[in-house]
Amino acid sequence: MTTTTSTPALAMPRLLGRTASEWLISLPTITLLLLILVIGTGEMIHGQLLKFGEILFHDDRGHVQYFMMRADPVRPTCNPQLNVDAEVTRLQAERSRQSAVDDDIDGLFAEQAMDPALLRQSVGSTVAQCQARHTLYEQVVKHITPAVVAYRTVETSFFGLFHFGSENRPLILLLLLTVTSIATTLGFHHICLRPPKFERDFRMQAITMTMASALLFMSAIRYHQVSVDAGVPLESPLLYYLWMLLFGVLLVISAYRVFKPITEGTKGLGTWGESLQSMPLFASMGLIAGAYFLLHDHPSGLAIYVSKLMDIPNLPLQLALYIWAGMLLKQSRLVDLFMNTLRPWKFSPELLTYLILLAAALPTAYSGASGVFVIAAGAIIYHEVRAVGGSSQYALAATAMSGSLGVVLRPSLLVVGITMLNKEVTSDQLFHWGGYVFVLTSTMFFIASQMRRTQRVNITPARIAVPEMLRQIVPLLPHVAAMGVVVGFYSLALETPLNEISAPTIIPVMMIVVLTLDKILASRSQVKTASGQPSYAAHRQIGVEASIRVATTETVSHIGAYIGLMMLSQTVGGVVERSEIIELAPHHFSSVWAAMAFLMIAKVVLGMFMEPIGAIFLVSGTLAPIAYRNGIDPVHFWMMVLVAFELGYLLPPVALNQLLTRQVVGEDQIDASDHEVQNAGFLQRYERWLLPIAVMSVSLAIVGFGPLIVQHVEWLRFLR
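Rules of the game
- Residues numbered from 1 in each chain as written.
- Predicted model: local features only at pLDDT ≥ 70, side-chain atom pairs only at ≥ 80, totals over all residues.
- Heavy atoms only, no water.
- Helix = DSSP H or I, 4+ residues; strand = E, 2+ residues; numbered from the N terminus.
- Contact = heavy atoms within 4.5 Å.
- Lys, Arg positive; Asp, Glu negative; His and termini not counted.
- Charge placed at Lys NZ, Arg CZ, Asp CG, Glu CD.
- Disulfide = S-S within 2.5 Å.
- Buried < 20%, exposed > 50% of the residue type's maximum accessible area, 1.4 Å probe, protein only.
- Polar contact = N/O pair within 3.5 Å; in protein donor to acceptor, adjacent residues only side chain to side chain.
- Patch = residues over 30% accessible without salt bridge, like charges linked within 9 Å, V, L, I, M, F, W, Y side chains within 5 Å.
- Areas by Shrake-Rupley, 256 points an atom, 1.4 Å probe, with all protein chains shown as cover.
- Salt bridge = Lys/Arg side-chain N within 4 Å of Asp/Glu carboxyl O.
- Phe/Tyr/Trp six-rings, centres within 6.5 Å; stacked < 30°, edge-to-face > 60°.
- Lys NZ or Arg CZ within 6 Å of the ring centre and 35° of its normal.
- Axes fitted to C-alpha atoms, helices over the stretch in contact; angles between N-to-C directions.
- Parallel < 35°, antiparallel > 145°, perpendicular 65-115°, else oblique.
- Left-handed = near helix turned anticlockwise from the far one by under 90°.
- Nonpolar A, V, L, I, M, F, W, Y, C, P; charged D, E, K, R; others polar.
- Expected span 1.5 Å × (residues − 1).

Caption draft 1: Structural detail: the overall build of the chain. The secondary structure content of the chain amounts to 30 helices and two strands. Considered along the principal axes of its C-alpha atoms, the chain spans approximately 115 × 75 × 65 Å. For the chain, long-range pairs separated by at least 24 residues make up 83% of all intrachain contacts whose partners lie at least 6 apart in sequence. Charged side chains in the chain number 48 positive and 50 negative. The centres of these two groups are separated by 13 Å.

Quick look at the structure:
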């Protein structure tokens with residue numbers, strides 16, 4: 001999730017119709033993403049292959065099962081034709097010779113003479129077992145037909161693939177992070193308060209990225225030295241070298257840009273003061289944390305906390321898949337077709353926005369990150385609200401908040417991350433109460449939007465709107481059917497229902513299928529080409545291959561920027577943790593009300609500066625125990641955290657969701673919107689900030705203090 005830059009487009013040499021960037025960056029990225037998908041799906045398929053293998057190739061009468069044929073059996077080395085009498089005689093003779101050489105003292109400890117009957121029984125049993133093993137071997141060999149060989153080749157291939165993936169998830173994550181971070185740095189796509197457009201903006205990015213990368217590179221080297229000096233064999237030495245390679249390459253790229261700055265295509269020189277707004281959050285976090293660890297004589301600290309991301313590789317890998325799915329959605333007409341079903345009603349801007357936010361909750365829930373939906377559909381939302389008469393400030397507010405409501409719904413990745421790190425809560429508990437929180441926040445937005453409404457609502461009568469809406473639903477049905485087919489395939493064929501565990505694998509596959517179908521249907525219906533599309537859809541390609549390629553190219557910088565920010569958020573969390581600043585806060589408050597107020601403010605502040613998953617790590621280890629000690633229920637605490645984080649993403653100085661809105665809508669639209677209201681009242685001038693902040697602030701107060709009121713006010717005991 002990045003900010004758009006004004007970097008001039010350079011003509012790049014092409015090989016087989018593809019640029020060097022596509023070969024060196026996009027191709028490895030889509031390869032790694034497909035590998036993650038195949039690994040996830042391969043595990044599901046392998047389970048089914050084992051099941052069907054047993055059904056197809058087992059033989060009850062011969063006692064042969066499929067698992068015995070997964071590899072060529074080894075012939076038993078025992079002799080099935082052994083003569084029992086001869087063997088008994090041989091063993092007795094051997095025992096007699098042994099007894100003869102034993103001295104008297106050894107004889108005291110010798111075993112008693114072997115009972116011939118027991119010896120014969122033992123030898124007979126051994127021979128019978130040997131014969132059974134040989135018989136089973138012959139049966140297994142006889143059943144290994146060419147069909148079995150072909151089937152087991154496929155089955156064991158899937159096993160090897162998902163086993164490799166499960167054993168090497170940190171390596172895959174680091175490779176993906178390396179490729180995408182390099183592309184993000186080359187393209188000046190790191191998240192910052194304002195995208196660079198002046199010459200000094202680009203130079204400031206290069207300087208600060210050089211300094212941060214140098215600190216990270218030196219820390220990675222020192223971390224490797226400390227680990228080697230510890231005398232314990234390194235568990236994954238390749239990861240250490242990849243970290244050094246990543247930060248070393250970022251250092252070289254950024255240093256090159258310092259001495260060869262961007263000058264062409266900029267909007268002038270700019271000022272150094274304003275250029276600070278273009279400093280990447282990646283760099284600012286790296287510089288702050290790096291300086292802290294150096295001052296405290298802990299040079300390896302940066303690398304240690306950065307590498308903590310490898311402890312939970314599933315979360316960032318799943319987030320990468322969700323981002324890819326969001327970019328695939330952005331290439332399709334799915335959101336447009338949905339909006340077509342609402343247009344016949346001619347809703348007011350406020351009511352239409354409310355319905356959009358309700359609909360946006362579902363895709364937001366399946367990404368678990370509010371920014372993914374803002375990037376994927378924010379431009380369309382802004383356009384639609386404006387088209388029905390909404391002011392530009394209101395449309396910007398709706399766009400910024402479009403992804404804020406669904407993060408509490410199943411199967412949100414944030415909730416999954418919370419349950420992974422905190423055994424005090426379960427996903428079922430959080431998703432159950434998350435439904436109530438969603439109803440609350442969406443209702444608060446509706447009330448707020450109706451309070452600002454100045455025009456009378458003239459909704460189209462149902463007798464006119466319903467027939468037209470039904471006609472508009474028809475083009476949407478194939479897309480819905482395609483989704484149902486994918487979900488049905490996983491649910492029925494692979495016995496894997498769509499839930500918080502399987503969603504990261506199923507959703508991208510679903511979007512590839514939907515996008516493919518959408519492009520086929522669009523070509524048949526002779527819809528407008530890319531050159532004839534509205535401005536918000538100008539990025540869409542015509543063909544399937546081109547759409548997937550462009551979506552993946554766009555995904556690269558988003559993954560590099562967002563996961564890079566997640567990575568550096570770990571270092572900020574490390575600074576807070578090692579500085580023991582949390583210890584300055586009371587561990588026991590005078591009342592549960594005071595504890596809740598303190599924790600709410602702390603979570604909002606964290607949300608203002610940190611990426612959500614990185615913040616969850618910090619909260620789990622520091623602030624969560626304070627909540628539990630002061631009598632705050634764990635489920636209540638974490639629901640409050642989720643709402644507080646979303647409020648933080650709307651507040652300066654970072655305001656992540658507002659930054660993403662600025663990206664998808666465009667700097668020119670933002671400037672034009674501010675110019676429109678420069679002479680209006682305070683509320684109108686800052687509506688894009690104030691409306692979402694007010695909604696989420698009131699919602700946070702209710703989520704934080706509402707349950708406490710129910711618990712402690714006697715006359716509300718019937719609600720407990």
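Caption draft 2: Local environment of the state of the cysteines. Enumeration according to the criterion identifies one disulfide in this entry. Between the sulfur atoms of Cys78 and its disulfide partner Cys130 the distance amounts to 2.0 Å. Since a negative S-S torsion denotes a left-handed disulfide, the Cys78-Cys130 link at about 100° is right-handed. Of this pair, Cys78 sits in the loop between α1 (20-57) and α2 (84-101) while Cys130 sits in helix α4 (residues 116-143), placing them 52 residues apart in sequence. Residue classification places Cys78 among the partly exposed residues on the basis of a relative accessible area of 24%. On the basis of relative accessible area, Cys130 is assigned to the buried category, the value being 4%.

Caption draft 3: Fine view of the side chain of Asn630. Following the sequence through the fold, Asn630 ends up in the loop between α25 (623-629) and α26 (634-648). Among the polar contacts made by the side chain of Asn630, one reaches the main-chain amide nitrogen of Phe589 at a distance of 2.7 Å. Apart from the residues within four sequence positions on either side, Asn630 is in contact with His587, His588, Phe589, Val592 and Ala595.

Caption draft 4: Summary view of unusual backbone geometry. Put simply, Arg410 and Pro411 share a cis peptide bond, and its omega is 5°. Its place among the elements puts Pro411 in the loop between α16 (392-401) and α17 (413-421). The amide bond that connects Pro652 to the next residue, Pro653, takes the cis arrangement and shows omega of 10°. Relative to the helices and strands, Pro653 resides in the loop between α26 and α27 (656-665). The phi dihedral of Asp297 is positive, around 55°, even though this residue is not glycine. Within the fold, Asp297 resides in the loop between α10 (281-295) and α11 (301-306).

Caption draft 5: Representation of a nonpolar patch on the surface within the structure. Judged by side-chain polarity, Trp23, Leu24 and Leu27 come together as a nonpolar surface patch covering roughly 290 Å² of accessible area. With respect to the secondary-structure elements, Leu27 resides in helix α1. Judged by relative accessible area, which is 39%, Leu27 ranks as partly exposed.

Caption draft 6: Representation of the packing of aromatic side chains. Per the stated rule, a full pass over the model turns up 20 aromatic pairs. Taken together, a centroid distance of 5.6 Å and an interplanar angle of 20° make the contact between Trp243 and Phe247 stacked. Placement of the pair is Trp243 and Phe247 together in helix α8 (residues 237-259), with a separation of four residues, close to one helical turn. Phe247 shares its class with Trp243; the two are buried. Members of the aromatic cluster, connected to one another through ring pairs, are Phe57, Tyr66 and Tyr151. Here the guanidinium or amino end of Arg70 rests over the ring plane of Phe159, the centre of that ring lying 5.6 Å away.

Caption draft 7: Representation of the packing of α1 against helix α6 (residues 169-186) within the structure. One can describe the packing of α1 onto α6 by two numbers: an axis separation of 10 Å at closest approach and a directional angle of 155°. Looking at the two axes, α1 sits roughly antiparallel to α6. α1 and α6 meet at a crossing whose hand is left-handed. Between α1 and α6, the contacting residues are Leu24, Ile25, Pro28, Thr29, Leu32, Leu33, Leu35, Ile36 and Ile39 on the first element and Arg169, Ile172, Leu175, Leu176, Val179, Thr180 and Ala183 on the second. Among the residues forming the contact of α1 with α6, the class breakdown is 13 nonpolar, two polar and one charged.

Caption draft 8: Highlighting the environment of Ser699. Along the chain, Ser699 falls in helix α30 (residues 687-712). Separated by 668 residues in the primary sequence, Ser699 and Thr31 have C-alpha atoms spaced 42 Å apart. Not counting the four nearest positions on each side in its chain, Ser699 is found in contact with Leu440, Thr441, Met444 and Val643.

Caption draft 9: How the structure looks around α8. For α8, spanning 23 residues, the distance from its first C-alpha to its last is 34 Å, which sits close to the expected 33 Å at 1.5 Å a residue. For α8, the complete set of buried residues consists of Leu239, Tyr240, Leu242, Trp243, Met244, Leu246, Phe247, Gly248, Leu250, Ile253, Ser254 and Arg257. Packed against the buried residues of α8 are α6, α7 (199-229), α10, α11 and α22 (544-579).

Read these as spatial facts, not as claims about activity.
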